[in-house]
Amino acid sequence: MSTLDALVQIIANGVKDIQSKSAERGMPYPTPDTPLSPESEKLQSDLATDAAPVIAAAWQLIATLKRPHIYFLELALSSFLSGSISVAEAAYVPDVLREAGTKGLHVNEIAAVRNVDAGKLGRILRHLTSWHIFEEVAPDVFRNNRISSALCTGKPVQEMLESPIDRWDDTNGVAALVSLTGDFNQRGNAFLAEHLLDPATGHSQEPNEAAWQRAMRTNLVSFEWMELPEHALELRKFSIGMRATTSPDSDIIATRGFEWESLPSGNLVIDVGGGVGSLAMALAKAHKHLRYVVQDRHAVAKEGERLWKATVPGFVENCIPIKDADVFILRHILHNWSDKYASKILSRLRDAAQPATKLVVMDNIVDYMCRDSGAVAEITGAARSQAPEPLLPYADSAAGSIYSLDICMMCCANCQERTLGHFVELLKSTGWKLERVCRFESPLSQQLICSPL
Ligand SMILES: C[S@@+](CC[C@H](N)C(=O)[O-])C[C@H]1O[C@@H](n2cnc3c(N)ncnc32)[C@H](O)[C@@H]1O
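Residue numbers run consecutively from 1 along every chain, following the written order of its sequence. Selection of residues for local features in this predicted model requires a pLDDT of at least 70, selection of side-chain atom pairs for listing and counting requires 80 or more, and totals for whole chains, interfaces and linings are taken over all residues. Side-chain metrics rest on all non-hydrogen atoms present in the structure, leaving aside hydrogens and water.

J.: Quick one: what's the story with the packing of helix α11 (residues 174–182) against helix α15 (residues 232–241), residue by residue and with numbers?
T.: Where helices are involved, their axes are fitted lines through C-alpha atoms of the stretch in contact, as for all axes, and angles between N-to-C directions lie from 0 to 180°. Numbering of helices and strands runs from the N terminus; a helix is a DSSP stretch of H or I covering at least four residues, while a strand is a stretch of E covering at least two. Here α11 crosses α15 at 120°, and the two axes come no closer than 8 Å. Taken as axis vectors, α11 and α15 run oblique relative to one another. You can see that α11 and α15 cross each other, and the crossing is left-handed. The residues of α15 that touch α11, namely those facing A176, L177, S179 and L180, are K237, F238, I240 and G241. The labels follow the angle: roughly parallel below 35 degrees, roughly antiparallel above 145, roughly perpendicular from 65 to 115, and oblique for the rest. When the near helix sits turned anticlockwise from the far one by under a right angle, the crossing is termed left-handed; a clockwise turn instead gives a right-handed crossing. Contacts: residue pairs with any heavy atoms within 4.5 Å of one another.

J.: Account for the sheet that holds strand β1 (residues 105–106), naming residues and giving values.
T.: Pairing between two strands is assigned when DSSP locates at least 2 bridges connecting them. Strand order in the open sheet made by the three strands is β1-β3-β2, with antiparallel pairing throughout. Every other strand in the sheet has two partners, leaving β1 and β2 (135–138) as the edge strands with one partner each. Against the sheet, helix α8 (residues 118–129) touches β2 and β3 (141–143), its axis set at about 50° to β3.

J.: Tell me about the packing of aromatic side chains, and please be specific about residues and values.
T.: In this scheme Phe, Tyr and Trp rings, the latter by its six-membered ring, pair at centre separations within 6.5 Å, and the angle between planes marks the pair as stacked below 30 degrees, edge-to-face above 60, and tilted otherwise. The tally for this structure, following the rule as stated, stands at seven aromatic pairs. Both rings, one in F223 and one in F238, keep their centres 5.7 Å apart while their planes meet at 80°; by these two values the pair is edge-to-face. Taken as a pair, F223 in helix α14 (residues 222–226) and F238 in helix α15 lie far apart in primary sequence, 15 residues in all. For the pair F223 and F238, a shared accessibility class is recorded, and that class is buried. Look at F258 and W260: their rings are 4.7 Å apart centre to centre, the planes differ by 75°, and that puts the pair in the edge-to-face class. The exposure classification of F258 matches that of W260, with both residues buried. Through a chain of ring-to-ring contacts, three or more aromatic side chains come together here, namely F223, F238, W337 and Y341. Working rule: Lys NZ or Arg CZ, within 6 Å of ring centre, within 35 degrees of ring normal, means a charge sits over the ring. Taking NZ or CZ as reference, R114 lies 4.7 Å from the ring centre of Y92, over its face. When accessible area is computed with a 1.4 Å probe and restricted to protein chains, residues below 20% of their type maximum are described as buried, those above 50% as exposed, and intermediate ones as partly exposed.

J.: Give a detailed account of a nonpolar patch on the surface, specifying residues and quantitative values.
T.: Only residues whose relative accessible area exceeds 30% and that form no salt bridge are eligible for patches; like-charged ones are grouped when within 9 Å, while nonpolar side chains (Val, Leu, Ile, Met, Phe, Trp, Tyr) are grouped when within 5 Å. Note that accessible areas follow from Shrake-Rupley with a 1.4 Å probe, and for residues the cover is restricted to the protein chains shown. Salt bridges are defined by distance alone: a side-chain nitrogen of Lys or Arg within 4 Å of a carboxyl oxygen of Asp or Glu. Among the surface-exposed residues, I55, W59, I62 and W131 lie close enough to one another that they form a single nonpolar patch of about 390 Å² accessible area. For W131, the location among the structural elements is in the loop between α8 and β2. In this structure W131 comes out as partly exposed when scored by relative accessible area, which is 41%.

J.: An account of the pattern of salt bridges is needed here, citing residue identities and associated values.
T.: Tallying each qualifying case throughout the model produces 28 salt bridges. Its salt-bridge partner being R214, residue E194 comes within 3.1 Å of it at the nearest N-O pair. Highlighted residues: E194 in helix α12 (residues 192–197) and R214 in helix α13 (residues 211–216), separated in sequence by 20 residues. Using a relative accessible area of 24% as the deciding quantity, one classes R214 as partly exposed. For R436, the salt bridge identified is with E259, shortest N-O distance 2.8 Å. With R436 in strand β11 (residues 432–438) and E259 in the loop between α16 (250–255) and β4 (268–272), this residue pair connects regions lying 177 residues apart in the sequence.

J.: I'd like to hear about the side chain of H287, residue by residue, with values.
T.: In this fold, H287 is placed in the loop between α17 (278–286) and β5 (291–295). Of the residues examined, H287 reaches a relative accessible area of 6% and is grouped as buried. Discounting residues that sit within four places of it in the chain, H287 has contacts with A254, T255, W260, E261 and Y292.

J.: Before we move on, could you go through unusual backbone geometry and cite the residues and values that matter?
T.: The residue after E389, namely P390, is reached through a cis peptide bond having omega 5°. Examined against the element boundaries, P390 turns out to sit in the loop between β9 (365–366) and α20 (401–413). The phi dihedral of D170 is positive, around 60°, even though this residue is not glycine. If you trace the backbone, D170 turns up in the loop between α10 (157–162) and α11. You can call D170 exposed: its relative accessible area is 63%. With a phi close to 55°, N414 is a non-glycine residue in the positive phi region. Of note, N414 is situated in the loop between α20 and β10 (418–419).

J.: How would you summarise the environment of I55 if you had to cite specific residues and measurements?
T.: Its place among the elements puts I55 in helix α3 (residues 48–65). Between the C-alpha atoms of I55 and V360, which are 305 residues apart in sequence, the distance is 31 Å.

J.: Account for the pairing of β4, naming residues and giving values.
T.: Within β4, five of the five residues are buried, which leaves it mostly tucked inside the rest of the structure. Alternating positions in β4 separate into two faces, L268, I270 and V272 on one and V269 and D271 on the other, with burial throughout. Pairing of β4 with β5 involves five bridges; the strand directions are parallel. Residue pairing across strands places D271 opposite V294, the latter belonging to β5. Viewed along the sheet, the connection from β4 through α17 into β5 turns out right-handed. In terms of strand pairing, β4 meets strand β7 (residues 327–331) through three bridges, oriented parallel. Each residue of the ladder has a partner; that of I270, found in β7, is F328. Looking down the strands as they point away from you, a crossover is right-handed if its path from the first strand over the helix to the second goes clockwise.

Here it is as structure tokens:
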């Protein structure tokens, strides 16, 4: 069978399977014109494992069918998608179109809301429409589709105009995270090649000497930069954006993987660098018998207290290690730091740990692009089932966000996503043993359950 035939067969069989599983649940699989609803989102989430090889095959089909130089040029141009998405979010387009309803709205009226040039905004929306984000129902008249609706805050546009900084409060954080990724995180991208090839900066492991600092002309770590009073909007965006990585799958994260329910009543769970407490809140909702503390930088802890208006979890405004923890969580923390600093964090937690303390690292695990997964496959839970040939070894690796995120980390703070072998070595060198891995469907992060060595 030719490669093209094999790819088409993976797509055809996979789609058939997805459609019959959807039919069993009495719901057609949603398309971009299906309105967004919790039920249809759940269906997509439940069938994500079935969809992964189909998506991988579709990307591979594109890479196969396009002439190489066209493929390159189009991918190199794709960074402008980030800019277009950021403009749509900043101009409140999804919420303006939500209020306009199914008839859509002329771009002149959309642009007037935030005083954006209508001609430029129209081109931006058409660019996004060509990627299945928004619909152009008549020349220059746009309306939301399922995908663009995911960027809605759900707030009245008038309210967003009156208080732009509050527009992500009480949302699932998707709009904030998309804006963070499409704008703030992109700053270093344009400077990456220049920065890596400059002998003065290219080998740095320092969080304040990355391409992002070159672009922003600062020597502050991005967390410090966001805390400057003039960057309050970015801090808010970042803090709430992190929520999108738990929502809407918070029940999956809180109830699968590490056995929270089997911990004795009153056990103390410390979410180190827990942001505004999104994960701790999800855990506290599912496991009321545990005590929770979120530790983060002063400004972020204050944000958490303001957002939740609650005493659970408790927020602690620094990261002095707490000595009587039963579980330490490090969620999306180690990927923010190069090995030099990740080792310091892990060592400090190891010094504070009791013999029975568990460490739950929640982070992405990078897979190699070859079919040999190495010795670490022996670790309980580490092995992954491989996708069939001619696909890349893991179905979610084709154009997967983990690899982009890894480079994003490189751009922002000289830090990185890690392979499992890398994690094992890092943990071992700081006194932790990786006992087992709990796998989650990408893009949810994986859980590495560790004990003191
Ligand atoms: C990528 S976010 C992850 C937040 C949270 N764990 C989550 O998964 O939603 C990294 C967090 O580390 C925090 N952080 C950075 N430096 C810190 C420090 N020195 N002490 C405590 N927290 C810090 C940031 O403020 C931010 O909330």
